Amino acid sequence: MPDPVVLAADHLWGFLTALRGAGVPAAPTKRADLLRTIAETPPRDLSTLYWYARITLLQDVDDLPAFDRVFDVWFRQGGPGPADPPLEADDGGVPSPGGPGEDDPPPREARPGHGAEASALSTYGTRDFGRTGEAAFMRALEAAWPAVLPAVPSRRRRPARSGDRLDVRHAWRRALRHDGEIIQLRRLARPPRPRRLLILIDVSRSLRQHTPDLLRAAHTALRAAPARTEVFTFGTRLTRITAALAHPHAGQALKAVSRLVTDADGGTAIGAALERFLGNPRFVALARGALVIVLSDGLERGDHAPMVRATARLSRLGHRLVWWSPLACSPTYRPVTRAMAAQLPSLDHLGGVRDLRTALEEVRRLPAVLSGPRHLTARRRSDPRPRGTTR
């Protein structure tokens, strides 16, 4: 009798082959992720296997009907028989009857920023983030950043018309050239310089639609203040993309980021990624005294305590901690999930960014955020009185 392990492997490989024949593309790295996930954490039931395969292999919501149909044939009906018709991708917009069974959780339709694709599964692969963006908004963003970044006095003093200290060395040298007479006094001052800007971008599956524009917004910040800006991405891993995103041309910069980021469109492990950032002394130095901007929907799976602790420490390290979420673009949005509700006291502002236009609006709103008191987000979100704005 054949080995059950061999039979299971052959059946799984047949499912992957049928999926490709049905027009549902799955890169070799995605298929390897599924096999690795099954080997490390064997599914306890058919429903778990369904979500393993769907989260790991599916790259486009439009492929969901065909995916459900293939899964039903291979795992609920035992595989296609000799008389079965060939599998074809459905053209309709509703899932076919071959989806999850009655005892399984209903398949959640993925909406932009809805969080239905949030998962803790780790995936390996790359994604093309596109080549072009809305040039007008990118130029406006690049011009807006320098005016809104907070300033701090530099450590080195420079000659100035007015300052808090005399330039004694300059006065002494001038006096030596004029027989000891002090002809002119010059002062020293600490000119202002922009604070460091730290941008952390969520590249998980739940933000797939918004990730390219979020990266383009970060590119404009890096172009505006190249020496004071650091950019990281996080999904299930943490990746420093400052050097890759520094290319002057946005298309070339996004290509470089596409090759560097290997956890795009994968799971969500915000707390683990932020803890990894805070566990590196070099990265902690980048956050100290900086304006920290996190672009994420905050849809953490599993225990939210690490995410809340990491956010609180980032808030203590940085000058201000701003959180931009695509979900907050909706006037009816309320941060009611446990993770977002628990970290509101650490935030200085919770805004909505889903594209370049909303990013420009939030960037222009930064001066008001930076000039006000800290940690007012929880009070503002819990205040039942109507506010003047819709956010």
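Report follows, based on the coordinates.

The rules we used
- Residues numbered from 1 in each chain as written.
- Predicted model: local features only at pLDDT ≥ 70, side-chain atom pairs only at ≥ 80, totals over all residues.
- Heavy atoms only, no water.
- Helix = DSSP H or I, 4+ residues; strand = E, 2+ residues; numbered from the N terminus.
- Buried < 20%, exposed > 50% of the residue type's maximum accessible area, 1.4 Å probe, protein only.
- Contact = heavy atoms within 4.5 Å.
- Areas by Shrake-Rupley, 256 points an atom, 1.4 Å probe, with all protein chains shown as cover.
- Salt bridge = Lys/Arg side-chain N within 4 Å of Asp/Glu carboxyl O.
- Expected span 1.5 Å × (residues − 1).
- Bend = angle between axes of the 7 residues up to and from the residue.
- Pairing = 2+ DSSP bridges.
- Axes fitted to C-alpha atoms, helices over the stretch in contact; angles between N-to-C directions.
- Parallel < 35°, antiparallel > 145°, perpendicular 65-115°, else oblique.
- Left-handed = near helix turned anticlockwise from the far one by under 90°.
- Nonpolar A, V, L, I, M, F, W, Y, C, P; charged D, E, K, R; others polar.
- Patch = residues over 30% accessible without salt bridge, like charges linked within 9 Å, V, L, I, M, F, W, Y side chains within 5 Å.
- Phe/Tyr/Trp six-rings, centres within 6.5 Å; stacked < 30°, edge-to-face > 60°.

1. Some points on the overall build of the protein chain
Here is step 1: Along the protein chain, the regular secondary structure elements total 15 helices and 11 strands.
Here is step 2: Taken across its 391 residues, the protein chain has 50% of its residues classed as buried.
Here is step 3: At a minimum sequence separation of 6, the contacts of the protein chain that also span at least 24 residues come to 79%.
Here is step 4: Surface accessibility of the protein chain: about 20000 Å² in total, with carbon and sulfur atoms responsible for 54%.

2. Looking at the pattern of salt bridges
Here is step 1: Under the counting rule described, the total for this entry stands at 10 salt bridges.
Here is step 2: Between Arg 186 and Asp 167 there is a salt bridge, and its shortest N-O distance comes to 3.3 Å. Taken together, the residues span a long stretch of sequence, with Arg 186 in the loop between α6 (168-176) and β4 (187-189) and Asp 167 in the loop between β3 (165-166) and α6 at a distance of 19 residues.
Here is step 3: Of the residues examined, Arg 186 reaches a relative accessible area of 29% and is grouped as partly exposed.
Here is step 4: Close ionic contact of Arg 208 with Asp 265 constitutes a salt bridge, the shortest N to O distance being 2.4 Å. Placement of Arg 208 in the loop between β6 (197-202) and α7 (211-224) and of Asp 265 in the loop between α9 (250-260) and α10 (270-278) is noted, with a sequence separation of 57 residues between them.
Here is step 5: By relative accessible area, Arg 208 is classed as partly exposed at 29%.
Here is step 6: Looking at Asp 265, the relative accessible area reads 8%, which means it is buried.

3. Section: the environment of Gly 271
Here is step 1: Checked against the element boundaries, Gly 271 lands in helix α10.
Here is step 2: Along the chain, Gly 271 and Arg 309 lie 38 residues apart, while their C-alpha atoms are 8.1 Å from each other.
Here is step 3: Excluding its chain neighbours within four sequence positions, the residues that come into contact with Gly 271 are Glu 300, Pro 306 and Met 307.

4. Quick look at helix α14 (residues 356-371)
Here is step 1: Its 16 residues place the ends of α14 24 Å apart at the C-alpha level, agreeing with the 22 Å of an ideal helix rising 1.5 Å per residue.
Here is step 2: The axis of α14 is deflected most strongly, by about 35°, at Arg 365, and proline Pro 367 appears within four residues downstream.
Here is step 3: Along α14, the residues that are buried comprise Leu 356, Thr 358, Ala 359, Leu 360, Glu 362, Val 363, Leu 366, Val 369 and Leu 370.

5. Quick word on the sheet that holds strand β7 (residues 229-234)
Here is step 1: The strand order β8-β7-β6-β9-β10-β11 describes an open sheet built from six strands, whose pairing is mixed. Each of the sheet's edge strands pairs with one partner strand only, and the pair in question is β8 (238-240) and β11 (349-352). For this sheet, the mean angle separating the axes of adjacent strands, direction not counted, is 20°.
Here is step 2: Packing of helix α12 (residues 305-317) onto the sheet brings it into contact with β6 and β10 (320-325), and relative to β10 it is tilted by some 135°.

6. Some words on the sheet that holds β3
Here is step 1: Read from one edge of the open sheet, three strands run β2-β4-β3, paired in antiparallel fashion. Of all strands in the sheet, those bounded by a partner on one side alone are β2 (158-160) and β3.
Here is step 2: Where β2 meets β4, three bridges bridge the pair, whose relative direction is antiparallel. By the bridge assignment, Ala 160 is partnered in β4 with Arg 187.

7. Topic: the packing of α10 against α12
Here is step 1: For the pair α10 and α12, the least separation of the axes is 8 Å and the interaxial angle reads 40°. It follows that α10 is oblique to α12 by the angle criterion. α10 and α12 meet at a crossing whose hand is left-handed. In this structure, α10 uses Ile 270, Gly 271, Leu 274, Glu 275, Phe 277 and Leu 278 to contact α12, whose residues at the interface are Pro 306, Met 307, Arg 309, Ala 310, Thr 311, Arg 313, Leu 314 and Leu 317.
Here is step 2: Along the lines of polarity and charge, the residues of the contact of α10 with α12 split into nine nonpolar, two polar and three charged.

8. Notes on a nonpolar patch on the surface
Here is step 1: Taken together, the side chains of Leu 166, Val 168, Ile 182 and Leu 185 define a hydrophobic patch exposed on the protein surface, amounting to about 400 Å² of accessible area.
Here is step 2: By relative accessible area, which is 59% here, Val 168 ends up exposed.

9. Side note on the packing of helix α3 (residues 46-57) against helix α4 (residues 64-76)
Here is step 1: Running from N to C, α3 and α4 point in directions that differ by 140°, and their axes come no closer than 11 Å. Considering their axes alone, α3 and α4 lie oblique with respect to each other. Where α3 crosses over α4, the handedness of that crossing is right-handed. Along its contact with α3, which presents Leu 46, Leu 49, Tyr 50, Ala 53 and Arg 54, the element α4 presents Leu 64, Phe 67, Asp 68, Phe 71, Phe 75 and Arg 76.

10. Digging into the packing of aromatic side chains
Here is step 1: Scanning the entire structure with this criterion turns up 11 aromatic pairs.
Here is step 2: Relative to Phe 71, the ring of Phe 67 lies with its centre 6.4 Å away and its plane at 25°, an arrangement referred to as stacked. Taken together, the positions of Phe 67 and Phe 71, both in helix α4 and four residues apart, correspond to about one turn of that helix. The pair Phe 67 / Phe 71 is uniform in exposure class, with both members buried.
Here is step 3: Aromatic pair Phe 277 and Phe 283: ring centres 5.6 Å apart, planes at 20°, arrangement stacked.
Here is step 4: Among the residues examined, Phe 277 registers a relative accessible area of 0% and is labelled buried.
Here is step 5: For Phe 283, a relative accessible area of 12% corresponds to the buried category.
Here is step 6: Cluster of aromatic residues (ring-pair linked, three or more members): Phe 15, Tyr 50, Trp 51, Phe 67, Phe 71 and Phe 75.

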